[in-house]
Amino acid sequence: MTKTLSIRAGVEGDLPWIVELEHQLQGFPWSERNFCDSLAGGHDVWVVESGGRPLAFAVLMHAIDEAHLLDIGVARDFQRRGVATRMLHHLYARAAALGAVSIFLEVRPSNLAAARLYEREGFVVVGRRRAYYPAADGREDAIVMMRGL
């Protein structure tokens, strides 16, 4: 675990570093417009910091009694240190406080580290979206996972 972590609501001023981190982490990243649209659409954007340095972000959408984790990213030098787990626990509490009884996400089958994290966190596979993600060789499926809150 890293030093003291804090989690705060993301603001428009966070978008440059969020977009930069997204581009470092993803072969097919969200654009700045995607993040702007999420903020404008009322989605929660959360930021994890340590000592004032942003380490991670997440985007969470609420829909009646469920939530959907749209995107999450942790700076590479802080991966496997509990940052994502801390963020997920914050998201569970936030979603439950807003009336959600479950949280959904999609993960690439090729992203084994993320899939294992989600399984450890109690997510179960509930479906598959064929050719959901762009990939170097065409399209890649998405594994749909759900966790009760």
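Computed from a predicted model, the values in this text were never measured in an experiment.

Caption draft 1: Local environment of the nonpolar core. Judged by nonpolar contacts, the single largest core of 44 residues is most densely connected at F35, L69, V83, L88, L91, V107 and Y118. Residues contacting L69, with those up to four places away along its chain left out, are A58, V59, L60, L88, L91, I103, F104, L105 and Y118.

Caption draft 2: Seen up close, the pairing of strand β6 (residues 124-135). Summarising the sheet, β6 and strand β7 (residues 138-148) pair through 8 bridges and their orientation is antiparallel. From the neighbouring strand, A135 faces β7, where its bridge partner is G138. Between β6 and β7, which pair antiparallel one after the other, the connecting turn spans 2 residues.

Caption draft 3: Structural context of the pairing of strand β5 (residues 102-107). Among the 6 residues in β5, 5 count as buried, and that is most of the element. In this sheet, β5 lies alongside strand β4 (residues 66-74) in parallel orientation, the contact comprising 4 bridges. When the bridges of β5 are listed, H68 appears paired with F104. The parallel pair β4 and β5, bridged by helix α3 (residues 83-97), forms a crossover whose chirality is right-handed. Inspection of the sheet shows β5 paired to β7 by 6 bridges, in the antiparallel sense. Directly across from V107, in β7, lies its bridge partner I143.

Caption draft 4: Spatial organisation of the side chain of E22. Here E22 is to be found in helix α1 (residues 15-25). No salt bridge is formed by the buried E22; the nearest opposite charge belongs to R108, separated by 8.6 Å. Not counting chain neighbours up to four residues away, the residues in contact with E22 comprise P29, W30, F35, F57 and D71.

Caption draft 5: Here's a closer look at the packing of aromatic side chains. The final tally for this structure, using the stated rule, is 5 aromatic pairs. Considering the side-chain rings of Y92 and F123, the 6.3 Å spacing of their centres and the 50 degrees angle between planes classify their relative orientation as tilted. A residue pair is termed long-range when its members are at least 10 positions apart, and Y92 in helix α3 and F123 in the loop between α4 (112-120) and β6 qualify at 31 residues. Between Y118 and F123, the aromatic rings sit 5.6 Å apart at their centres with planes inclined by 65 degrees, giving edge-to-face as the arrangement.

The rules behind each value
- Residues numbered from 1 in each chain as written.
- Predicted model: local features only at pLDDT ≥ 70, side-chain atom pairs only at ≥ 80, totals over all residues.
- Heavy atoms only, no water.
- Core = buried A, V, L, I, M, F, W, Y, C linked by side-chain atoms within 4.5 Å.
- Buried < 20%, exposed > 50% of the residue type's maximum accessible area, 1.4 Å probe, protein only.
- Contact = heavy atoms within 4.5 Å.
- Pairing = 2+ DSSP bridges.
- Helix = DSSP H or I, 4+ residues; strand = E, 2+ residues; numbered from the N terminus.
- Right-handed = clockwise from strand over helix to strand, strands pointing away.
- Lys, Arg positive; Asp, Glu negative; His and termini not counted.
- Salt bridge = Lys/Arg side-chain N within 4 Å of Asp/Glu carboxyl O.
- Phe/Tyr/Trp six-rings, centres within 6.5 Å; stacked < 30°, edge-to-face > 60°.

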